[in-house]
Amino acid sequence: MKKVIVAFALTLSSVFSFGQTKSDTKPTVQLVRNATLVIDYAGKKILVDPMLSQKGAIDSWAGIQKNPTVELTIPVEEIVKDIDLVIVTHTHEDHFDKPASSTLNKSVELIMQPADKEFFKKEGFINATVVEGQKVWNGITINRVEGKHGSGKVLEMMGKTSGFVLQAKNQPTVYIVGDTIWNEDIKKDIEKFKPDYIIVNSGGALMKDFSDTPIIMNEVQTMALIAASGKAKVIAVHMDALDHCFTTRAILKKKASELKIGQDKLIIPEDGEKLILSL
């Protein structure tokens, strides 16, 4: 009997230690490719905007080459392993594609914008939740903010898109901007939430036949965001993976260098790179 009690106590100790270790682990953001992120935050593994297609599986959007233009550097099974939550900013194919829909467990918890409710219903996700403004999930406050996926006629064509702000006790505030051009609403969101990190889609994507109308931030707009970013460190993604994104990492680094913006302010991760976040 004594042996049983000791064994049981050891088991409880092991379980407690595992949970404690997970919650004490520093938060991280890993860029998978394009806008696909794996965020370890408040002890939860969050997958953002999964595009899991193999290189060249999607038609060209600029008439240059098929998308994505590069392969994944992380195996798909590793990306989706032990996912606690999926966040989708919008359902364009470079943010949620067919392989993502078929690979993810249909019972995974998923958060989306109101405009995508019917899409995920048709895809069969049974735990997909619309966030209108704010939702508290496992101690994490998730705020949805509006994006502008272009301007004028292009904005009408591109449809609704959202960003999400993550907040939790003893965790940095992370603002995932999503697919949007720079605008005053983003500036107001920065002032409201005072994020520690801003993850911005900086690829300068353009639609065919609309070469003067960016649908996400380019290098110039990213610099405008940085100027208004306050204390936040800016993590730039959504580059070097799609044929209609004309702002590359090299172009963004050059523009930052011209304005004397250092790596302490602007972080440009490579595919597969993991960043440790701090308060």
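Structure first, text after, so check above.
As the structure is a computational prediction, the values presented were derived from the model and not from experiment.

Caption draft 1: Region of the structure containing the overall build of the chain. Helix and strand counts for the chain come out as eight helices and 16 strands. Computed over its C-alpha atoms, the radius of gyration of the chain comes to 20 Å, within 12% of the 19 Å expected for a compact globule of 279 residues. For the C-alpha atoms alone, the extent of the chain along its principal axes is close to 75 × 40 × 35 Å. Here the chain holds 279 residues, and the buried ones make up 51% of them. At a minimum sequence separation of 6, the contacts of the chain that also span at least 24 residues come to 62%. Here the chain has roughly 13500 Å² of accessible surface; of this, 53% comes from carbon and sulfur atoms. Positive and negative charge centroids in the chain, built from 35 and 35 side chains respectively, lie 6 Å apart.

Caption draft 2: Representation of the packing of aromatic side chains. Scanning the model with the defined rule gives five aromatic pairs in all. Summarising the aromatic geometry, the rings of Phe96 and Phe119 are spaced 6.0 Å apart at their centres and angled 85° between planes, so their arrangement reads as edge-to-face. Of this pair, Phe96 sits in the loop between strand S4 (85-87) and helix H3 (98-103) while Phe119 is found in helix H4 (residues 117-123), placing the two residues 23 residues apart along the sequence. Residues Phe96 and Phe120 carry aromatic rings whose centres are separated by 5.0 Å and whose planes lie at 80° to one another, so their mutual orientation is edge-to-face.

Caption draft 3: Representation of the pattern of salt bridges within the structure. For the structure shown, the criterion picks out seven salt bridges. Where Glu270 meets Arg249, a salt bridge forms, and the shortest distance between an N and an O atom there is 3.8 Å. Linking Glu270 in the loop between strand S15 (266-267) and strand S16 (274-276) with Arg249 in helix H8 (residues 249-258), this pair joins segments that are 21 residues apart in sequence. Linking Arg249 and Asp271 is a salt bridge whose minimum nitrogen-to-oxygen distance equals 2.8 Å. Of this pair, Arg249 sits in helix H8 while Asp271 is found in the loop between S15 and S16, placing the two residues 22 residues apart along the sequence. Of the residues examined, Asp271 reaches a relative accessible area of 18% and is grouped as buried. Residues participating in the shared-partner salt-bridge network are Asp240, Arg249, Glu270 and Asp271.

Caption draft 4: Spotlight on the nonpolar core. Within the largest apolar cluster, 26 residues are counted, with the highest numbers of intra-cluster contacts made by Ile39, Ile46, Leu166 and Ile199. For this core, the leading source of residues is strand S2 (residues 36-41), giving three residues. If we skip the residues at most four places from it in the chain, Ile46 touches Leu37, Val38, Ile39, Tyr41, Leu85, Ile87, Ile140 and Leu166. If you look at the next biggest cluster of nonpolar residues, it comprises 23 residues, including Val145, Val165, Trp182 and Met223.

Caption draft 5: Just the sheet that holds S16, in detail. Pairing in this open sheet of seven strands is mixed, and the strands run S6-S5-S4-S3-S2-S1-S16 from one edge to the other. The open sheet has two edge strands, strand S6 (128-130) and S16, and neither has a second partner. The sheet shows a mean angle of 20° between the axes of neighbouring strands, direction not considered. Across five bridges, S2 lies against strand S3 (residues 44-48) in antiparallel orientation. The residue of S3 that forms the bridge with Tyr41 is Lys44.

Caption draft 6: View of unusual backbone geometry. The omega torsion across Asn67 and Pro68 is -15°, close enough to zero to call that bond cis. The topology assignment puts Pro68 in the loop between S3 and helix H2 (76-80). Non-glycine residue Asn138 carries a positive phi angle of around 50°. For Asn138, a relative accessible area of 47% gives the class partly exposed.

Caption draft 7: Structural detail: the sheet that holds strand S14 (residues 233-237). The sheet built from seven strands is open, its strands ordered S7-S8-S9-S10-S11-S14-S15 with mixed pairing. Both outer strands of the open sheet, strand S7 (134-137) and S15, are each paired with one neighbouring strand and no more. Two strands pair when backbone bridges link them, and S14 and S15 are joined in this way by two bridges, in the parallel orientation. Bridging across to S15, Ile235 finds its partner in Ile267. Each of strand S10 (174-178), strand S11 (197-201), S14 and S15 is contacted by helix H7 (residues 219-227), which is oriented at about 165° to S11, the strand it contacts most.

Caption draft 8: A look at the side chain of Asp179. With respect to the helices and strands, the residue Asp179 is situated in the loop between S10 and helix H6 (184-193). Engagement of the side chain of Asp179 in a polar contact is seen with the side chain of His90, the distance being 3.3 Å. Setting aside anything within four residues of it in sequence, one finds Asp179 in contact with His90, Asp94, His95, Lys148, His149, Thr161, Asn201, Ile215, Ile216 and His238.

Cut-offs applied
- Residues numbered from 1 in each chain as written.
- Predicted model: local features only at pLDDT ≥ 70, side-chain atom pairs only at ≥ 80, totals over all residues.
- Heavy atoms only, no water.
- Helix = DSSP H or I, 4+ residues; strand = E, 2+ residues; numbered from the N terminus.
- Rg over C-alpha atoms; globule rule 2.2 N^0.38 Å.
- Buried < 20%, exposed > 50% of the residue type's maximum accessible area, 1.4 Å probe, protein only.
- Contact = heavy atoms within 4.5 Å.
- Areas by Shrake-Rupley, 256 points an atom, 1.4 Å probe, with all protein chains shown as cover.
- Lys, Arg positive; Asp, Glu negative; His and termini not counted.
- Charge placed at Lys NZ, Arg CZ, Asp CG, Glu CD.
- Phe/Tyr/Trp six-rings, centres within 6.5 Å; stacked < 30°, edge-to-face > 60°.
- Salt bridge = Lys/Arg side-chain N within 4 Å of Asp/Glu carboxyl O.
- Core = buried A, V, L, I, M, F, W, Y, C linked by side-chain atoms within 4.5 Å.
- Pairing = 2+ DSSP bridges.
- Axes fitted to C-alpha atoms, helices over the stretch in contact; angles between N-to-C directions.
- Polar contact = N/O pair within 3.5 Å; in protein donor to acceptor, adjacent residues only side chain to side chain.

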